[in-house]
Amino acid sequence: MQFTLNPPSPISLYSVIHSHGWFQLVPFEILDDGQGLAYTMQLAAGRVTRFEVSAVDNLIQISTSNDLPADEEAEVRKSVRWMLSMDSNLEDFYEAAKDEPRLQKAIQKGAGRILRSPSLFEDVVKTILTTNTLWNATKSMTRKLVSAYGTAHPHDPNLHAFPKPEAVASVSEEELKETVRVGYRAPFIAELARRIADGSLDLEGLRTSQLPSKELRAEFLKIKGLGPYAAANLLMLLGRYDFLPIDSWALKMVSLEWHNGAPVKPADVEKAFSRWGNFKGLAYWLWDWTSNP
DNA sequence: GGTAGACCTGGACGC
DNA sequence: GCGTCCAGGTCTACC
């Protein structure tokens, strides 16, 4: 079945999809033309569906692999809206950035909306899987986690939804290490899943939290496996741009951009983007580093 | 508050 | 084919 979403403001689907590497992590898929996205999702009632998202005229078109009752169609609509950050308002950032040469490409592309998963659990787990490892390993661990513990699509056993916390909580740390090859991250992921499953952590509640970013960051830092980089990355996904996700790449880029390749510290990255205030994360995220190697 | 060392995996490299 | 080294954030212990 097919239906459309009407964005509240112009949206570049391509820019959202390519806002970061999430589209390379299952159950995301990139469509053959590179312009659209597919995602396999387990809906609240348990059904697994795969839907494709593409841009048609000024609308976002969604095609699902199977017919859905009205309540599940509404669930997919709501999820896609969230995944594409459709309700983010970037006008103030664009106004602030209009005279910055390093941000002109981003503005011209309509970039700034960040692709995210339907659940914060998925985004937190994936963020943990990006830490202290290389991107190929992140892709591998995610693929193994999804194929081992995610519910399969009824018509295509090769497609799996991202596992629910309950499914991960039922797995021992040893099995996670063995099956998913997550190494020392196993206890972090297992504990996170257990706390959500037993109700002691309302992670999804943080998605719409009204807490100030500093306090929301503190909530993320309480989760084992999430440090300053991961917390800032998650804040970015939630549309909070006032903390910088500083990793080794950020240090390298800032070093090349402003320090002639000399070693820099996180404080130097902070200083480089401090003038952007509450938009500094977005300015960093969208910065055009192309003159650097 | 700052720092050092350990934690794991997979890929690159040398032999 | 085997062994060694390295990259990548976070945690814990220690000062």
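Calculation criteria
- Residues numbered from 1 in each chain as written.
- Chains lettered and ligands numbered in written order.
- Predicted model: local features only at pLDDT ≥ 70, side-chain atom pairs only at ≥ 80, totals over all residues.
- Heavy atoms only, no water.
- Near = heavy atom within 4 Å.
- Polar contact = N/O pair within 3.5 Å; in protein donor to acceptor, adjacent residues only side chain to side chain.
- Buried < 20%, exposed > 50% of the residue type's maximum accessible area, 1.4 Å probe, protein only.
- Helix = DSSP H or I, 4+ residues; strand = E, 2+ residues; numbered from the N terminus.
- Pairing = 2+ DSSP bridges.
- Axes fitted to C-alpha atoms, helices over the stretch in contact; angles between N-to-C directions.
- Contact = heavy atoms within 4.5 Å.
- Lys, Arg positive; Asp, Glu negative; His and termini not counted.
- Salt bridge = Lys/Arg side-chain N within 4 Å of Asp/Glu carboxyl O.
- 1 Å grid on protein atoms, 1.4 Å probe; cavity = no way out; pocket = protein on both sides within 12 Å on 5 of 7 lines; lining within 4 Å.
- Points joined across faces, edges and corners; volume = space filled by probe spheres on them.
- Nonpolar A, V, L, I, M, F, W, Y, C, P; charged D, E, K, R; others polar.
- Domains from an automatic or database assignment.

Draft legend 1. Highlighting the protein's contact with DNA strand B. Near DNA strand B the following residues occur: Asn-132, Lys-144, Arg-181, Gly-183 and Tyr-184. Looking at DNA strand B alone, sugar and phosphate atoms form 94% of those within 4 Å of the protein. With respect to DNA strand B, the backbone of Tyr-184 contributes an N or O atom lying 3.2 Å from a sugar or linking oxygen.

Draft legend 2. Expanded view of the pairing of strand E1 (residues 2-5). Only one face of E1 is covered, namely the one carrying Phe-3 and Leu-5; the face carrying Gln-2 and Thr-4 has none of its residues buried. Alignment of E1 against strand E5 (residues 59-64), held across four bridges, turns out to be antiparallel. Residue pairing across strands places Thr-4 opposite Gln-61, the latter belonging to E5.

Draft legend 3. Inspection of the sheet that holds E1 at higher detail. Spatial ordering of the open sheet is given by E1-E5-E4-E3-E2, a layout of five strands whose pairing is antiparallel. The open sheet terminates on both sides in strands that have one partner only, identified here as E1 and strand E2 (28-30). Direction aside, the axes of adjacent strands within the sheet are offset by 25° on average. Pairing geometry for strand E3 (residues 37-42) and strand E4 (residues 48-56), over six bridges, is antiparallel. Residue pairing in the sheet places Thr-40 in a bridge with Arg-50 of E4. Relative to E1, helix H2 (residues 70-83) is tilted by about 45°, and along the sheet it contacts E1, E2, E3, E4 and E5.

Draft legend 4. Summary view of the side chain of Arg-113. Of note, Arg-113 is situated in the loop between helix H4 (104-109) and helix H5 (120-130). One buried charged residue, Arg-113, forms no salt bridge at all, with the nearest opposite charge on Asp-87 at 6.8 Å.

Draft legend 5. Inspection of helix H12 (residues 248-258) at higher detail. For H12, the set of buried residues is Ala-250, Met-253, Val-254, Ser-255 and Glu-257. Of the surrounding secondary structure, the elements contacted by the buried residues of H12 are helix H13 (266-273) and helix H14 (280-286). Of the residues trailing H12, Asn-260 is marked for its positive phi of about 55°.

Draft legend 6. Representation of the layout of surface pockets. Computed from the structure, the largest pocket encloses a volume of approximately 1,200 Å³. Sorting the residues of the lining of the largest pocket by element identifies helix H1 (13-17), H4, helix H6 (135-149), helix H11 (228-237), H12 and H14 as the ones contributing at least two each. Grouping the amino acids of the lining of the largest pocket by side-chain chemistry returns 15 nonpolar, 13 polar and five charged. Computed from the structure, the second largest pocket encloses a volume of approximately 600 Å³. Surrounding the second largest pocket, 28 residues form its lining, Met-41, Pro-118, Ser-119, Glu-204 and Arg-207 being those nearest its centre. Elements that contribute at least two residues to the lining of the second largest pocket include exactly E3, H2 and H5. Broken down by element, the lining of the second largest pocket gets its largest block of residues, five residues, from H2. Of the residues assigned to the lining of the second largest pocket, the class counts are 14 nonpolar, four polar and 10 charged. A domain-level breakdown of the lining of the second largest pocket finds at least three residues from each of domain 1 (2-109) and domain 2 (120-237).

Just distances and angles here, no functional claims.
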